[in-house]
Structure formats: C-alpha cells, structure tokens
Amino acid sequence: MGQVIGDKVRKFMKKKIKYTDAPVSISSSIKSSIVVDDFLPPPSKLVLKEDNSRITIVLSKKSISFFKKESKRSGVPYQTMIKKVLDLYTEHYAHK
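Residues numbered from 1 in each chain as written. Predicted model: local features only at pLDDT ≥ 70, side-chain atom pairs only at ≥ 80, totals over all residues. Heavy atoms only, no water.

For the chain, the name recorded in an unreviewed UniProt entry is CopG family transcriptional regulator, with Leptospira dzoumogneensis as its organism.

(A) Representation of the overall build of the chain. Across its full length, the chain holds five helices and zero strands. Mapped from its N terminus to its C terminus, the chain presents α and β elements in the order α-α-α-α-α. Put simply, the chain has 96 residues, and 6% of those count as buried. When the accessible surface of the chain is totalled, it reaches about 10,200 Å², and 62% of it is carbon and sulfur. (Helix = DSSP H or I, 4+ residues; strand = E, 2+ residues; numbered from the N terminus. Buried < 20%, exposed > 50% of the residue type's maximum accessible area, 1.4 Å probe, protein only. Areas by Shrake-Rupley, 256 points an atom, 1.4 Å probe, with all protein chains shown as cover.)

(B) Representation of the packing of aromatic side chains in the model. Across all of its chains, the model carries two aromatic pairs by this definition. Judged by centre distance (5.2 Å) and plane angle (80°), the ring pair of Phe-66 and Phe-67 falls under edge-to-face. Judged by its relative accessible area of 44%, Phe-66 is partly exposed. When the centroid spacing of 4.8 Å and the interplanar angle of 45° are considered together, the rings of Tyr-89 and Tyr-93 count as tilted. Taken together, the positions of Tyr-89 and Tyr-93, both in helix α5 (residues 78–94) and four residues apart, correspond to about one turn of that helix. (Phe/Tyr/Trp six-rings, centres within 6.5 Å; stacked < 30°, edge-to-face > 60°.)

(C) Region of interest: the pattern of salt bridges. Counted according to the given criterion, the structure contains three salt bridges. Lys-83 is paired through a salt bridge with Glu-50; the nearest N and O atoms lie 3.2 Å apart. In this pair, Lys-83 is assigned in helix α5 and Glu-50 in the loop between α3 (43–46) and α4 (61–74), connecting sequence segments 33 residues apart. Lys-83 gets classed as partly exposed once you look at its relative accessible area, which sits at 29%. Glu-50 sits in the partly exposed class, given a relative accessible area of 47%. Through salt bridges that share partners, Glu-50, Lys-83 and Asp-87 make up one connected network. (Salt bridge = Lys/Arg side-chain N within 4 Å of Asp/Glu carboxyl O.)

What follows is the structure, encoded as structure tokens:
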C-alpha cells in the first residue's frame, strides 16, 4: 500500500507549477501596505510568574463540581479558576 501512495506522490511532484503575476488589486495592496512594528512582548513576558504558595484546602463538593464543569467548558484548569476568584476577592477587599 505504501508503494501506491509513493507513486501518487511521484506523479504529483512531476507536475511543474506555473507561477503567474498576482492580480493588480493584490499587487497594489501589497505595494501600498505599511510595515507595522512588532508590538507584542516575547512569550517569556506574556505570563508573569507570580509568587505563589501551595496549600491544602477543603472545599465543598458543590464548589468543586461547579469549577470542574466550567473548566471543561472554558478549557481553563479549575485550580486556576479558583485561584483567580480568590485573587479578585483579595484585590477588592485589600484596598478598603
């Protein structure tokens, strides 16, 4: 079966590709485009490492079930979601 695939690939690769000039609308768009400087930070700066502490906590099954369900829906780890809720609570009340 591998030989059949190889033959198909060889036939495809034997075809010569003919390149033509781009249509005028694309060509003029490229010529009139502006180069934009890269404004994004490097990946190492996108997520800042926080000073975290590992703890053991007992939570209700209802709370854990809620966060696990939301975690599956959003693709965010449920521990991260719980941490964010606690951080927001802290920020809100720490400044009062």
